[in-house]
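Spelled out, the chains give:
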Amino acid sequence: MVIVRRKELSLRERLYLPEIARGLSITFRKLFEKPITRQYPEEPLPKDEVTRGQPRLVVKDDGNIACVSCGMCEIACPAYAITIDGGETDRPIEREPKKFEIDMLRCILCGFCEEACPKDAIFMSDELELADYSRAALIYDLEKLKRPKSALQKRIDYVYRLNNRWRKSSSTS
Amino acid sequence: MTKITVNGREIDADPKKPLIAACHENGIDVPMYCYHPGLRPVGSCRICQVEVKQGDAPARVVASCRTPVAEGMIVNTDSPKAHDVRRECLEFLLKNHPLDCPICDKAGECDLQDYSFAEGQTKGRTHEPRRKLEKRKSLGDVIVLDEERCILCSRCVRFFEDVTKKPQLTVADLGSRSVISTFLDKPLKGNYQGNIADICPVGALTLKRFRFQARVWNLSKHLSTCAECSRGCSVTAEVLRGGDTKRFRPRFNPKVNQWWMCDTGRFAFAHVNAADRAVALRRTADGLEACDLDAALSAAASALRGKSNVAVVLSPFATNEEAAAAKALAARLGAKTCFVSPAPNALKDDFLHTGDPCPNRRGLTDLGFAGLAAAEVAGAIAGAGAVVLAGERVVELLGAERVAALTGTRVVLFDTHCVDAAALDACIGVPVHVEKDGHWTNVEGHLGRLTIARGAPRGVRALDENLKRLSELVSPAGAKA
Ligand code: SF4
Ligand code: SF4
Ligand code: SF4
Ligand code: FES
């Protein structure tokens, strides 16, 4: 057991009013300084390539989705947010997702899916806001997840720069 | 039995089997691609090499699938030399491998992946472009061949030579241009093609009906028995996320099907995956309406109570446990019993398929149920006061029109789907065979096990349980009927 004794107050402190005046003077001084808070929805946060927003699927320049429904992101996701059903396509790649769902309420924006993907098909976008009237609407399907490659290019370049050394040393194909 | 020493452990080996089999049977892992316990060994892939010392000769590295066991042999599967040759062998196998694991159906259960992980080197040293071959070559209705992925182990070739005894595949061309091909590029024939996709150690042979439907690690695998004929091959039912059954695959059973199964059974999903399952319905003044199980059972009981001349008709898919419960119910009701016996089909062959699409004929017959053809059943129940139809697909096999035509007979139905019949008083859902525990007795008397691979639809209970409850409701134990 520890007995904590209060500090004895000095006479000036016990008089009360001088301390009030001191506190108010600080408040008054701060009124004229530049605020450090932000008017969030009107003034959005600055975003750059390091921002890890919600994951999005890359649509390549030829209009096809890059994902082959390999399921690597599904198994890497620690929040079990991703569900994929694959199927056959006539494109030379043979395989594509027929259903690709990310439950945005589960997603913890960790970026593991981006890291796991062997096809550069899923990247963390800079989209952060998430609100809707029902839970079902926040389970995003293929159509809601697709983004043209150009919209994600900044992040793609960043991830490549980050991984460059690793990629160079272990590439097999 | 021959005594040999493997990794310092003395084991008894069967002299008729190669060294690799002795290792596997004693729980010592030796990689293999071309060897398969059900096929003639050829020793073409060299991944199974181990170090062997015999007598005074220096230790040498041999292919364990082509080496007979000899008394006093000292085997080391783990020596640096053995690992080294296996790593080199993998490097050659991977030299032209497309490494398209992200799109390959075999990923996750691929021997090439597994052994590369265990023994291979992490870096490729090739600079040349990889061999380009045909990636989607159809070999008939069942199989697609990816020539790039094939490692030319020739298991598929030997399957048709050794197991079905009707050769259909061959290694065409020579050297690095070798590819697997059917004779004159004709499509594969027969009811056993699917097996070559199972035994292909890589993803070169894939099933058209499974391709890309699911990643194998998302499938939960459960013991089951094939429902398509009275052979009752032991299978694994593989279920995707508790929903659809995506695959049936043969499960090794030395007494019934060894490693194999037929394509009819392999692709028999239509019924197990059917939608719109019945749960519980009863007849009211305005026709059939959904209700809870208790209400449906009491409607069933009042339809049966006090009726004379009752019949209990089982489906040929009823398990022994369900049949026993049906027999007890019949005894309480003083009812006749029989099961609907589907007609033999033309699939009979000299390998596995018996041509009798009734997986539990032997079990039901042993329990005293007579197998009657649908028309005979209809004749037998024509004048009955009430009839209990029980088991999955009983209406389908009896003919919905025969049930609809019944007049003066009240019907209690236990089936996966309801039928529109004026005589129907209650319909209670049953689990399909991948949703229940039980046993079927196959044509030779072996018991085939069924386990719960996925839950039945909400509200559906086991058929034997419901039949027992119905017996209680119709005439409570102890009371005189
Ligand atoms: S960011 Fe993380 S939590 Fe979200 S989907 Fe990807 S892996 Fe799952
Ligand atoms: S890891 Fe990439 S390619 Fe694989 S399923 Fe996920 S997004 Fe698609
Ligand atoms: S297709 Fe498969 S089973 Fe046939 S030789 Fe090639 S790797 Fe072996
Ligand atoms: S398994 Fe022995 S050489 Fe292929």
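Computed from a predicted model, the values in this text were never measured in an experiment. (Residues numbered from 1 in each chain as written. Chains lettered and ligands numbered in written order. Predicted model: local features only at pLDDT ≥ 70, side-chain atom pairs only at ≥ 80, totals over all residues. Heavy atoms only, no water.)

A.B. asks: Before we move on, can you summarise the packing of helix 7 (residues 293-304) of chain B against helix 13 (residues 463-474) of chain B with the specific residues and values?
C.D. replies: All names here are of chain B. At a closest axis distance of 9 Å, the pairing of helix 7 and helix 13 adopts a crossing angle of 55 degrees. Between helix 7 and helix 13, the interaxial angle falls into the category oblique. Handedness of the helix 7/helix 13 crossing: right-handed. Seen from helix 7, the contacting residues are L293, D294, L297, S298, A300, A301 and L304; seen from helix 13, they are N466, R469, L470, L473 and V474. Considering only residue class, the contact of helix 7 with helix 13 consists of eight nonpolar, two polar and two charged. (Axes fitted to C-alpha atoms, helices over the stretch in contact; angles between N-to-C directions. Helix = DSSP H or I, 4+ residues; strand = E, 2+ residues; numbered from the N terminus. Parallel < 35°, antiparallel > 145°, perpendicular 65-115°, else oblique. Left-handed = near helix turned anticlockwise from the far one by under 90°. Contact = heavy atoms within 4.5 Å. Nonpolar A, V, L, I, M, F, W, Y, C, P; charged D, E, K, R; others polar.)

A.B. asks: If you had to explain the domain arrangement of chain B to someone new, which residues and values would you point to?
C.D. replies: Domain annotation for chain B reports domain 1 (2-93) and domain 2 (280-474). Between domain 1 of chain B and domain 2 of chain B, the C-alpha centre-to-centre distance is 53 Å. (Domains from an automatic or database assignment.)

A.B. asks: Outline the site of ligand 3, listing residues and values.
C.D. replies: If you check the shell around ligand 3, you find 13 residues, and the closest are B:C150, B:C153, B:S154, B:C156 and B:C200. The class makeup of the residues in the shell around ligand 3 is 11 nonpolar, one polar and one charged. (Near = heavy atom within 4 Å.)

A.B. asks: Requested: an account of the interface of chain A and chain B, with residues and values cited.
C.D. replies: Taken together, the 24 residues of chain A in the interface contact 20 residues of chain B. For the pair chain A and chain B, the two sides together bury roughly 1,700 Å², of which 48% comes from carbon and sulfur. Viewed at the interface, chain B and chain A are joined by seven salt bridges. For A:R95, the salt bridge identified is with B:D105, shortest N-O distance 3.4 Å. Taken together, the connections running from chain A to chain B amount to 13 residue pairs in polar contact (both at pLDDT 80 or more). Elements with a contribution of two residues or more to the side of chain A that touches chain B: helix 3 (72-76) and strand 2 (82-88) of chain A. Of all the elements, strand 2 of chain A adds the most residues to the side of chain A that touches chain B, at six residues. Of the residues in the side of chain A that touches chain B, the class split is eight nonpolar, eight polar and eight charged. (Buried area = accessible area lost by both parts, 1.4 Å probe. Salt bridge = Lys/Arg side-chain N within 4 Å of Asp/Glu carboxyl O. Polar contact = N/O pair within 3.5 Å; in protein donor to acceptor, adjacent residues only side chain to side chain.)

A.B. asks: Got a sec to walk through the nonpolar core? Specific residues and values, please.
C.D. replies: Residues and elements named next belong to chain B. The biggest cluster of nonpolar side chains holds 55 residues, and the ones touching the most others in it are Y33, I143, F159, L169, I196 and L205. Among the elements of the structure, helix 2 (80-95), helix 3 (111-119), strand 7 (143-145), helix 4 (155-163), helix 5 (195-199), strand 10 (205-207) and strand 12 (234-240) are those that each provide at least two residues to this core. Ranked by residue count, the leading element in this core is helix 4, at five residues. Both domains that meet at this core, namely domain 1 (2-93) and domain 2 (280-474), each give it at least three residues. (Core = buried A, V, L, I, M, F, W, Y, C linked by side-chain atoms within 4.5 Å. Buried < 20%, exposed > 50% of the residue type's maximum accessible area, 1.4 Å probe, protein only.)

A.B. asks: Break down the side chain of B:D356 for me, citing the residues and quoting the values.
C.D. replies: Among the secondary structure elements, B:D356 is positioned in the loop between strand 17 (336-340) and helix 9 (361-366). Residue contacts for B:D356: discarding those within four places in its chain leaves B:E228, B:C229, B:S230, B:P342 and B:R361.

A.B. asks: Account for the pattern of salt bridges, with residues named and values stated.
C.D. replies: Residues and elements named next belong to chain B. Per the stated rule, a full pass over the model turns up 55 salt bridges over all chains. Linking E444 and R231 is a salt bridge whose minimum nitrogen-to-oxygen distance equals 3.4 Å. In this pair, E444 is assigned in the loop between strand 22 (438-441) and strand 23 (447-450) and R231 in the loop between strand 11 (219-225) and strand 12, connecting sequence segments 213 residues apart. By relative accessible area, E444 is classed as partly exposed at 45%. Note that E392 and K436 form a salt bridge whose closest N and O atoms lie 3.5 Å from each other. Highlighted residues: E392 in the loop between strand 19 (386-390) and helix 11 (394-398) and K436 in the loop between strand 21 (424-428) and strand 22, separated in sequence by 44 residues. Both residues of the pair, E392 and K436, belong to the buried class. Through salt bridges with shared partners, a single ionic network connects E109, D198, E238, R247, R249, D263 and R266.

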